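Now for the letters of each chain:
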Amino acid sequence: MSVILWTYIIVGLTFALYIGIAIWSRAGSTKEFYVAGGGVHPVANGMATAADWMSAASFISLAGIISFIGDDASVYLMGWTGGYVLLALLLAPYLRKFGKFTVPDFVGERYYSKTARLVAVVCALFVSFTYVAGQMRGVGIVFSRFLQVDINTGVVIGMIIVFFYAVLGGMKGITYTQVAQYCVLIFAYMVPAIFISIQLTGNPIPQLGLGAEMADGSGVYLLDKLDGLSKELGMTEYTVGKKSMIDMFFITVALMVGTAGLPHVIVRFFTVPKVKDARSSAGAALIFIAILYTTAPSLGAFGKINLINAVGGKEGIEYAKAPQWVKSWETAGLIAWMDKNDDGKIQYAAGKAIAGKPKFTEETGKYGERKLSNDPTDAANELYVDRDIMVLANPEIAELPNWVIALIAAGGLAAALSTAAGLLLVISSAVSHDLLKKALMPDISEKTELVYARVAAAAAITMAGYFGINPPGFVASVVAFAFGLAAASFFPVILLGIFSTRMNMQGAIAGMVSGLVFTSVYIIYYKFINKEAEFLFGISPEGIGTLGMLINFGVAYVVSMATPPPPKEVQELVRNIRIPRGAGEASAH
Amino acid sequence: MDKMEQYWKKNIQYVLGLLVVWFIVSYGFGILLVDQLNAIRIGGFKLGFWFAQQGAVYVFVVLIFIYVRLMNNLDKEFDVDEK
């Protein structure tokens, strides 16, 4: 059977499954819509959290990022997993005991202030919208690459599917589809990884294959081989980092703390029955995430070796003799070749081959390659390789059967859809619960609130789809925003709200606003206004959320000490959330 | 000291202890001491590289489950566990 037929079958089956789950798990109350009724098993919640958390970028791009920057990519591996330790130890159990519906709920009640709640709503909306646009785009891209439909049609199909289970099922529908989506995506990720690990090292476990000897009988360790190949091509050794230590440090902190402060992750821990479930569920989530996150570095290294070998290493290879997948991914626009020295051979080396993303002209060059209108760079490198290749093209590079290729499509869609749905729920609950019910129209009934929640979810999907079809040019560079803002706004305020009885409304609001303003200004300045400027203390915009967080803590402390302590009943609330007994179920009152 | 204060103090001790390990394996081994540790090899892995790309993540998982265990026992000891 052809790849395309397989893809239609597998993607079709998974979509039918998601819709089936949506119909089975319709939400009948606001509690079901916001927190799945509060009765999700901790292991199921762990799986759902893993799918919620791992986006199209984790599934498609992570291995490629590692592949191209080697040791420097450790910041992402540690940064996007270490946050779960913070969640389990510092936030999740207490927020579960608090037992409300949303993150702004906690901020609003703990700091006895509508202003604090509204600041939190603004942060939640901003963080979630930044994220969700990229997810819908990811859905479109997977559709266009594997099913040969237009990207925009792909986005619309994705919208319809998410619409179905998010609007109908709310958190309940989302939770159980996410469980299914986790299974699909992890299976799709592991199958090629295992096959490639066996081919290269003879070891079926990719995590171990990375540290094993090559299976070619040379007795050379895979990583040594890769270091050697990289050096030959004039690149930095794979296992040695280039980033400065202080920058690695700050980026890792910002990603960890940002993870722990992301509303769509936090809210997942409102759905389990007990405080102790919230603790173990964070552990379960991290296991499920770690399976993918410890496989990604192996895939990255394997992919790089395969790539270098395929293009003939240092000598290069004649374009005509390059493997078929090089040409098919050139057709897809993820590989491009510019014959700078006009010898008909692909030379892969350090540095960027061309300025920017490839712009293909309609002409073909004299060797049959797609001609580019980009300016060449000074580097000897002639090959442009999109990082997504390391996952998308892997099955072909390793000559795996067609159904494995189809599986990758289903996995990428599962990763994108599950994250999109989680984010849409945060957006809809921030609007219907925090903005309408708790601020603007406190008198509406639960039924009306549920209607508003569905309308808000539908509106959010439409907006996300719009951004997916017309992606704002800055989307790629604002991912740093989501983490930076979550780290600089939510994390300190929630942490202080639990661990300090003295922290008051004035301190929290001042802290959130100053952390937010500092981080936004820094990112906007270095990402958009003055791209050439030297970073402050050598900290890149990706890591500045860490400094924003420290500023938040500092300002909150000083301001709270200069203003009166919170009322008695709030101090009582803080003491109460520290003790597991009496958690009961999440409630609206 | 009141019983709940003792419970809370114990909890804070556990959390701090575990976070020290959390910090050492990731920021310590994976970033600050990575060059020194890379001199040590286990199979094909340089140790610092391994901690940064795999080892730290495994330790994170273990830390969470140690905490779950410690707290479940502590909850029972102070009679604040959920029925």
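Our subject is the structure listed above.
Residues numbered from 1 in each chain as written. Chains lettered and ligands numbered in written order. Predicted model: local features only at pLDDT ≥ 70, side-chain atom pairs only at ≥ 80, totals over all residues. Heavy atoms only, no water.

S.K.: How do you make sense of the packing of aromatic side chains when you look at a structure like this?
M.R.: One pair of aromatic rings is described through two measures. These are the centre distance and the angle between the planes. Residues and elements named next belong to chain A. Counted according to the given criterion, the structure contains 31 aromatic pairs over all chains. With a centroid separation of 4.9 Å and 5° between ring planes, the pair formed by Tyr319 and Trp337 is classed as stacked. In this pair, Tyr319 is assigned in the loop between strand E1 (317-318) and helix H14 (324-331) and Trp337 in strand E2 (residues 335-337), connecting sequence segments 18 residues apart. Each member of the pair, Tyr319 as well as Trp337, is classed as buried. Clustering of aromatic rings is evident, with ring pairs tying together Trp53, Tyr76, Trp80, Tyr84, Tyr131 and Phe483. Sitting over the ring of Tyr319, Lys327 keeps its end group 5.4 Å from the ring centre. (Phe/Tyr/Trp six-rings, centres within 6.5 Å; stacked < 30°, edge-to-face > 60°. Helix = DSSP H or I, 4+ residues; strand = E, 2+ residues; numbered from the N terminus. Buried < 20%, exposed > 50% of the residue type's maximum accessible area, 1.4 Å probe, protein only. Lys NZ or Arg CZ within 6 Å of the ring centre and 35° of its normal.)

S.K.: Teacher, can you tell me more about helix H8 (residues 151-201) of chain A here?
M.R.: An α-helical turn contains 3.6 residues, so any two residues separated by three or four positions project in the same direction. All names here are of chain A. Spanning 51 residues, H8 covers only 37 Å between terminal C-alpha atoms, well under the ideal 75 Å at 1.5 Å per step. At Gly169, H8 shows its maximal kink, close to 130°. One or two steps after H8, the chain reaches Gly202, where phi turns positive at roughly 80°. (Expected span 1.5 Å × (residues − 1). Bend = angle between axes of the 7 residues up to and from the residue.)

S.K.: Is there a simple way to explain the nonpolar core in this structure?
M.R.: All names here are of chain A. Counting residues in each nonpolar core, the largest one holds 232 residues, and the members touching the most others are Trp53, Phe59 and Leu91. Top contributing element to this core by residue count: H8, with 22 residues. When residues no more than four places from it in sequence are discounted, the contact partners of Trp53 are Trp80, Tyr84, Tyr131, Thr259, Leu262, Val265, Ile289, Tyr293, Thr419 and Phe483. Ala336, Met338, Ala353 and Leu372 belong to the second largest nonpolar core, which has 6 residues in total. (Core = buried A, V, L, I, M, F, W, Y, C linked by side-chain atoms within 4.5 Å. Contact = heavy atoms within 4.5 Å.)

S.K.: I'm lost on the interface of chain B and chain A in this one. Help?
M.R.: Accessible area lost when the parts come together is the quantity often used to give the size of an interface. Each partner contributes residues to the interface: chain B has 43 residues there, and chain A has 54 residues. The junction of chain B with chain A conceals about 4,300 Å² of combined surface from both sides, 69% of it contributed by carbon and sulfur atoms. Along the contact surface separating chain B from chain A lie 5 salt bridges. Measuring nitrogen to oxygen at the nearest pair gives 3.5 Å for the salt bridge that ties A:Asp227 to B:Lys46. At the junction of chain B and chain A, the tally comes to 15 residue pairs in polar contact (both at pLDDT 80 or more). When contributions to the side of chain B that touches chain A are tallied by element, the ones reaching two or more residues are helix H1 (3-32), strand E2 (45-46) and helix H3 (47-77) of chain B. With 17 residues, the top contributor of residues to the side of chain B that touches chain A is H3(B). Partitioned by chemical class, the residues of the side of chain B that touches chain A number 27 nonpolar, 9 polar and 7 charged. (Buried area = accessible area lost by both parts, 1.4 Å probe. Salt bridge = Lys/Arg side-chain N within 4 Å of Asp/Glu carboxyl O. Polar contact = N/O pair within 3.5 Å; in protein donor to acceptor, adjacent residues only side chain to side chain. Nonpolar A, V, L, I, M, F, W, Y, C, P; charged D, E, K, R; others polar.)

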